[in-house]
Amino acid sequence: MSKKVALVAGVRPEIIKESPLIREFEKRGTDYFVIYTGQHYNYEMEKIFFEQLNLPLPKYNLSIRSSAPFLQGEHTGRMLIEIEKILLNEMPDIVLTLGDTNSTLAGALTARKLSTTAAFTNIRIMLGHIEAGLRSYDKTMPEEVNRILADHLSDYLFAPTHRAAGNMIGEGIHHGKITVTGNTIVDALFEASKASRDNEILDKLNLEPQGYFLATFHRQENADVKEKFANVLEAFGRLYKKYGKPVIYPIHPRSKKLMEKFGLQVPEGVRILGPAGFMEFLKLEENASAILTDSGGVQEESCILNVPCVTLRENTERPETIDVGANILAGTDPDKIVECTETMLNKKRSWENPFGDGKSGKRIADIILGGQA
Ligand code: UD1
Ligand code: UDP
């Protein structure tokens, strides 16, 4: 009997990383639907990705926005209530969540809780976690809490690397639940590279290939702390002075709000843009001298695209990028950021991509659908 699949997403990287699965389900005629929580909701944080990736709009859009970034429980709780109603109505066989956001945890927890109520509801949901096993070993981060819980609740764990699989085995998760599939971001990048990709965004911004740095900075542990945010901006200004290359910073709405709240000044040579579309952002990544970021997905992409990365954090749940020589941890101290950038600029761009062969979506679909065509 064919299986019915529910995919849960809520933020921009989840739309991007689930796109290979959606394509696979469309190709196979799978009975599936998407629940989009609405955690990200501005056009340039949500709809633009469905448009650029040619994805059908989600069957459900819950429009659940965080009322304040520190109200994690309220945000996740409202999602639980609405996702539960949908799952009871749709009765899928399997729920898939990806990554480490509040939307990930809400999808996982709702599915797992419902599967304990089979005696009343007759519902038997299996749960799968994509991008499983990542660990920063820093439980002050909401992402670490979300991903640990999602992993320990799930029946199927799709680890991007052997290292991620090993993390879960080390926590006592049974190896029989785990498959190393690679990361679906590689599939998404391969797919995007097929689309026509001119240099329009570079021309529009008057940038030359290798003539700028690209930056993103939005994580709670960073952007919410005035001193760290100010330090990182200072480092960007110093990079401009040292190399004569502007720092292009497409800013996340969270960081924009905080920058205004803190009254931070933008140094000379730092160009703040609105969030970029995926195709434009890839172009900016590919042509940057180096990327400075605290994003998880951007650390992966810079590694895959062979662009050196300086991570503006004290830890990373993507240590594979450091192992292969594509990334370095700088934290938020300006001296360290400038020093680490110099180190990375001197690197030969010849590392291996540790995140797989671009067939992760197919592997995950094969496993959950049991080889159904
Ligand atoms: C979330 C994830 C984070 C991930 C990021 C991807 C959690 C706990 N955090 O962080 O792991 O790296 O998404 O980008 O799930 N906002 C807007 N417009 C939007 C989206 C957000 O104005 O389209 C504002 C929200 O109103 C809120 C702030 O940005 O004030 C933070 O949004 P939230 O969804 O809480 O977390 P992110 O920082 O986006
Ligand atoms: N991204 C984008 N436009 C931007 C910044 C990022 O399209 O202005 C994409 C980027 O290519 C990557 C993903 O968003 O695929 C990363 O998301 P983000 O940094 O918001 O979240 P994280 O990966 O840290 O959870």
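Right above here is the structure, for reference.
Residues numbered from 1 in each chain as written. Chains lettered and ligands numbered in written order. Predicted model: local features only at pLDDT ≥ 70, side-chain atom pairs only at ≥ 80, totals over all residues. Heavy atoms only, no water.

Asker: What exactly am I supposed to notice about the overall build of the protein chain here?
Answerer: In terms of regular secondary structure, the protein chain is built from 17 helices and 13 strands. Computed over C-alpha atoms, the radius of gyration of the protein chain comes to 20 Å, within 12% of the 21 Å expected from 2.2 N^0.38 for 373 residues, which places it in the range of a compact globule. By principal-axis analysis of the C-alpha atoms, the protein chain measures approximately 65 × 40 × 40 Å. Burial analysis of the protein chain (373 residues in total) assigns 59% to the buried set. Considering only intrachain contacts with a sequence separation of at least 6, the fraction spanning at least 24 residues in the protein chain is 70%. For the protein chain, the exposed surface amounts to about 15400 Å²; the carbon and sulfur share of it is 52%. Charge centroids of the protein chain, computed over 45 positive and 50 negative side chains, lie 2 Å from each other. (Helix = DSSP H or I, 4+ residues; strand = E, 2+ residues; numbered from the N terminus. Rg over C-alpha atoms; globule rule 2.2 N^0.38 Å. Buried < 20%, exposed > 50% of the residue type's maximum accessible area, 1.4 Å probe, protein only. Contact = heavy atoms within 4.5 Å. Areas by Shrake-Rupley, 256 points an atom, 1.4 Å probe, with all protein chains shown as cover. Lys, Arg positive; Asp, Glu negative; His and termini not counted. Charge placed at Lys NZ, Arg CZ, Asp CG, Glu CD.)

Asker: Would you mind going over the packing of aromatic side chains with me for this structure?
Answerer: Two measures describe an aromatic ring pair: the distance that separates the ring centres and the angle between the ring planes. Within the structure shown, the criterion is met by seven aromatic pairs. Pairing Phe-33 with Tyr-60 gives two aromatic rings, centres 5.8 Å apart and planes at 75°, and the pair type is edge-to-face. Separated by 27 residues along the polypeptide, Phe-33 in strand S2 (residues 31-36) and Tyr-60 in strand S3 (residues 60-61) bring together distant segments of the chain. For the pair Phe-33 and Tyr-60, one class covers both residues: buried. Summarising the aromatic geometry, the rings of Phe-236 and Tyr-249 are spaced 6.1 Å apart at their centres and angled 85° between planes, so their arrangement reads as edge-to-face. (Phe/Tyr/Trp six-rings, centres within 6.5 Å; stacked < 30°, edge-to-face > 60°.)

Asker: When you look at the site of ligand 2 in this model, what are you seeing that I'm missing?
Answerer: Around ligand 2 lies a shell of 16 residues, among which Arg-12, Ala-276, Ser-295, Gly-297 and Glu-301 are the nearest. Take Ser-295: an N or O atom from its side chain is 2.7 Å from an oxygen atom of ligand 2. Bound to the protein, ligand 2 loses 95% of the 530 Å² it would expose on its own. Among the elements of the structure, helix H1 (12-28), helix H13 (278-286) and helix H14 (296-304) are those that each provide at least two residues to the shell around ligand 2. When the residues that make up the shell around ligand 2 are grouped by side-chain class, the tally is eight nonpolar, five polar and three charged. (Near = heavy atom within 4 Å. Polar contact = N/O pair within 3.5 Å; in protein donor to acceptor, adjacent residues only side chain to side chain. Nonpolar A, V, L, I, M, F, W, Y, C, P; charged D, E, K, R; others polar.)

Asker: Sorry if this is basic, but what is going on with H1 here?
Answerer: Along an α-helix, residues three or four positions apart point the same way, because every turn accommodates 3.6 residues. Its 17 residues give H1 an end-to-end C-alpha distance of 25 Å, which sits within 8% of 24 Å, the value for a rise of 1.5 Å per residue. Judged by how many residues are buried, H1 sits mostly within the fold: 13 of 17 residues are covered. The first or second residue beyond H1 is Gly-29, which carries a positive phi of 65°. (Expected span 1.5 Å × (residues − 1).)

Asker: I would appreciate a short explanation of the packing of helix H4 (residues 102-114) against helix H6 (residues 142-153) in the present structure.
Answerer: When two helices pack together, their arrangement is captured by the angle between the axes and the distance separating the axes. Two elements in contact, H4 and H6, have axes whose closest approach is 9 Å; the angle formed by their N-to-C orientations is 25°. With respect to H6, the element H4 is oriented roughly parallel. Read as a crossing pair, H4 and H6 show a hand that is left-handed. Only Asn-146, Leu-149, Ala-150 and Leu-153 of H6 make contact with H4, whose side of the interface consists of Asn-102, Thr-104, Leu-105, Ala-108, Leu-109 and Arg-112. Its residues assigned to classes, the contact of H4 with H6 shows six nonpolar, three polar and one charged. (Axes fitted to C-alpha atoms, helices over the stretch in contact; angles between N-to-C directions. Parallel < 35°, antiparallel > 145°, perpendicular 65-115°, else oblique. Left-handed = near helix turned anticlockwise from the far one by under 90°.)

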